Amino acid sequence: MQELSYLSILFTQPYLIFLVAVGTCAGVYVGAIPGLSGTMAVSLMVSFTFSWETNSALALMIGVYVGAVYGGSRSAILLNIPGAPAAVATSLDGYPLAKKGLAGEAMGIATTQSVIGTVIGIIGLAFCAPLVSKIALNFKSIDYLMLAFMGLMMVGSLGSKSMKRGIVAGAIGLFLGCVGVDAQTAVKRFTYDIVYLNSGVDFTVAMIGFFGASEALIQMSEIDVKAIKQKISRIIPSWSITKKHFPLTLRSSILGVLVGALPGAGGDIAALLAYDQAKRTVKNPEVPFGEGAVEGIIAPESANNAVIGGAFIPMLCLGIPGDAITAIMISALTIHGLRPGPNLLSTTPHLFWLIVGCLIFGAAFLLLFGLTGIKAFTKIVEIPKGILMPLILILSVIGSFAIRNSVYDILWMFGFGVLGYFFKRFEYPVAPVVLGIILSTLFEDNYRRGVLLESSISGMLLSVFKSPISIFLFVLIVVLTGSQSNWYKNWRKRKDDELFAKRAAKDGQAG
Amino acid sequence: MDADTLKNTEAEIENYGGAEQAPVSLKSGERGFSLVLCLVGLFFLIQSIAMWNQVSEPKLSSAAALPLFCSAAWTILALWDFLGSLRMKSPLSGLKSFKETAKGLLGYVFPKTVVVMIAAILVYCVALMFHISFYIATPIFLWGSMSYLMRDNYVKNILWTAILIAFIIVVFQILFGVVMP
């Protein structure tokens, strides 16, 4: 009952609902415009809303998050250019459907599936977070260290060309997080007598540079790429398809929640995994995958939105982000004087339920904005990059300045932007760098605590085997790392080939 | 999200789904970037070792420990990546003359548009540092960059600039209460 009273806070402050609506609407368009992403928008929001009250800032950012994850599907279906990485899988069957003149149906399916996915994610969050929070109270420093490590590994290895590059990027992020005067020993680290660096690298400035300015530069290098447009007058939600494929929706959404709950793995990974599992499990699709199969939209769209609820679980319960956007939200909460972790739910339960409430309203507004405003959408998506990208650069400048009213922050932001440009140009992931900067304090504090408690590094490492939680986390790391190895991938390929050969033989006999 | 990414999506899904990785080729300058990263990592590793030697016991929990571990991981893995890249081919591999290689490399790493825009942003930042008003520097930057990127519509871009400046003032300055540079 207490939970319901916390949830009802939203109704006593209708402007929060309004902010969720504004955020969701903006998020849908930000996500839909190729070149703009939810991560970029939320990172800019952090700097623009830092003087706001926490609840209002969170309501707006959650709205943007929910809208942006869905928004990517619109341009994926209509233009064959996913507006966000989480919509990459959607374009594979969404665009072929649009080419057949079924863009309205495809967008209707994407909308309903995204809403269902979001709701399942919220249910997962509401039920699992309190449990995880209770377990997290028993976490030791080695457990936090392993979780932070896992987050860096996952975000680095799953989204990049190779695991090595992900770890390099994560190590660079952790190293950048060490710059400045050490809070515990007052030793100056890599400041080179530059006064600005004494307080360390500001993660918001780095975030805006890596996600905002660098993306604008990358988009400018491809300024002449033009999309093929599809005409559409209205979006048609398909309830019969929703009903028919509900088991697939449920499977994909649960997969999305689980992937989201893993530190570091986000909507893009969930969507690709869900698409893959749909390909494996749906035996006789009406249209083959890749040629306009509705299952090819249902699976990724429900999974990528279910990630939202899942990603909040480690963020709120452990202080470790589930994906790039929740990493930014950790920094937003930190700016507002809150410290996400196991105590957050017991000390500020209203905040947790406010987030749940905002997500519920976000899902409702997603349905509303997802099914309407198609004319405005086609106009906004067609705004040339030549106009959008200078605007993004200006917003990055304003955002980085807004944190401390320092012009030097603008220069640093721009420096990180250029570095991020090189990273993206040469296929190094940028998310682990930002995650590394954000996690560096948690990483270092727990490392030091662990070493001091066990008196040595070997003692700290051996303490992994002293508690069931640590053993579980250790096994999880080994399994996740193993699943990204070439050995495992080759083994799976062999297995799949055998399975397909058996199926083909069976079909041949039946024929 | 660019068109290349989309082209690679099918392969990416196969990859996530457990299929064997396709043979990888390098982008122009990718090997050089790995080497630069390795050298920068090495520089910080040397600095971290010097810091480690300066701090007093207990060294393991000192301020030098994490930077040392991070820079060591950074250097070793960047070196590993660089050595691995020596076996791969890049679009520049077949080029014989230095001039052609440099042209190919700069063409990929620094397309003209990006160089011009980086220069424009730098000039804009310097203008702000020299206390030139945000409301003067920003419209000039916006109009200039739009006109360059669109290569046309100089008059129309004045209208776009006015709309965007109005949007920035209304949304960020008035609604969000953000202090402008």
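Residues numbered from 1 in each chain as written. Chains lettered and ligands numbered in written order. Predicted model: local features only at pLDDT ≥ 70, side-chain atom pairs only at ≥ 80, totals over all residues.

Once that is clear, we can look at the overall build of chain B. Assigned secondary structure in chain B consists of eight helices and zero strands. For chain B, the N- to C-terminal ordering of α and β elements is α-α-α-α-α-α-α-α. For chain B, with 181 residues in total, the buried portion stands at 30%. (Helix = DSSP H or I, 4+ residues; strand = E, 2+ residues; numbered from the N terminus. Buried ≥ 20, exposed ≤ 12 C-beta atoms within 10 Å, placed from the backbone.)

With that settled, consider the interface of chain A and chain B. Contacts between the two partners involve 72 residues from chain A and, on the opposite side, 63 residues from chain B. Mapped onto the side of chain A that touches chain B, the elements with two or more residues apiece are helix 6 (88-99), helix 9 (163-178), helix 10 (203-221), helix 13 (267-281), helix 19 (385-404), helix 20 (407-425), helix 21 (431-454) and helix 24 (486-510) of chain A. Element by element, the count of residues in the side of chain A that touches chain B is highest for helix 19 of chain A, at eleven residues. Partitioning the side of chain A that touches chain B into residue classes produces 47 nonpolar, eleven polar and 14 charged. (Contact = placed C-beta atoms within 7 Å. Nonpolar A, V, L, I, M, F, W, Y, C, P; charged D, E, K, R; others polar.)

A turn of α-helix holds 3.6 residues, and therefore any two residues three or four places apart point the same way. All names here are of chain A. Along its twelve residues, helix 6 runs 17 Å from first to last C-alpha, staying within 8% of the 16 Å computed at 1.5 Å per residue. Of all twelve residues in helix 6, eleven are buried; the element is thus mostly enclosed. Note on helix 6: the residue one or two positions beyond its end, G101, has a positive phi of about 85°. (Expected span 1.5 Å × (residues − 1).)

Now for the packing of helix 19 of chain A against helix 20 of chain A. All names here are of chain A. Closest axis-to-axis distance for the helix 19/helix 20 pair is 8 Å, and the angle between their directions is 135°. As summarised for this structure, helix 19 and helix 20 are arranged oblique, according to the angle between their axes. Judged by the twist between their axes, the crossing of helix 19 over helix 20 is right-handed. Between helix 19, through S396, V397, S400, F401, I403 and R404, and helix 20, the contact on the second element is made entirely by V407, D409, I410, M413 and G417. (Axes fitted to C-alpha atoms, helices over the stretch in contact; angles between N-to-C directions. Parallel < 35°, antiparallel > 145°, perpendicular 65-115°, else oblique. Left-handed = near helix turned anticlockwise from the far one by under 90°.)

Let's shift gears to helix 19 of chain A. All names here are of chain A. Helix length check: helix 19, at 20 residues, gives a terminal C-alpha distance of 30 Å against a target of 28 Å (1.5 Å per residue), a fit within 8%. For helix 19, a buried count of 18 out of 20 residues is recorded, marking the element as mostly surrounded by other parts of the structure. One or two residues past the end of helix 19 sits N405, with phi positive at roughly 55°.

Residues and elements named next belong to chain A. Here chain A is described as being made up of domain 1 (2-466) and domain 2 (467-511). A straight line from the C-alpha centre of domain 1 to that of domain 2 covers 27 Å. Each side of the interface is counted separately: domain 1 has 18 residues, and domain 2 has eleven residues. The greatest single-element share of the side of domain 1 that touches domain 2, amounting to nine residues, is contributed by helix 8 (residues 141-158). Looking at side-chain class alone, the side of domain 1 that touches domain 2 contains twelve nonpolar, three polar and three charged residues. (Domains from an automatic or database assignment.)

On to the nonpolar core, then. Residue and element names in this part refer to chain A. If you look at the biggest cluster of nonpolar residues, it comprises 212 residues, and the most contacted ones within it are M61, I62, Y65, A106, A206, I355 and V434. Counting residues per element, this core draws most heavily on helix 5 (residues 54-79), at 16 residues. When sequence neighbours within four positions are dropped, the list of residues in contact with I355 reads L58, I62 and F312. (Core = buried A, V, L, I, M, F, W, Y, C linked by C-beta atoms within 7 Å.)

This part takes up the environment of G94 of chain A. Residue and element names in this part refer to chain A. Within the secondary structure, G94 sits in helix 6. Note on G94: 31 C-beta atoms within 10 Å, which makes it buried. When neighbours within four sequence positions are excluded, G94 is seen to be in contact with S73, A76, I77, A106, A110 and I297.

Further remarks concern unusual backbone geometry. Residues and elements named next belong to chain A. A positive phi angle is found at Y192, which is not glycine, with a value near 50°. Residue placement: Y192 occurs in the loop between strand 2 (188-189) and helix 10. Y192 gets classed as exposed once you count the C-beta atoms within 10 Å, which come to 8. Positioned with a positive phi, D193 is a non-glycine residue whose angle comes to about 60°. Here D193 is to be found in the loop between strand 2 and helix 10. The exposed category is assigned to D193, around which 7 C-beta atoms lie within 10 Å.

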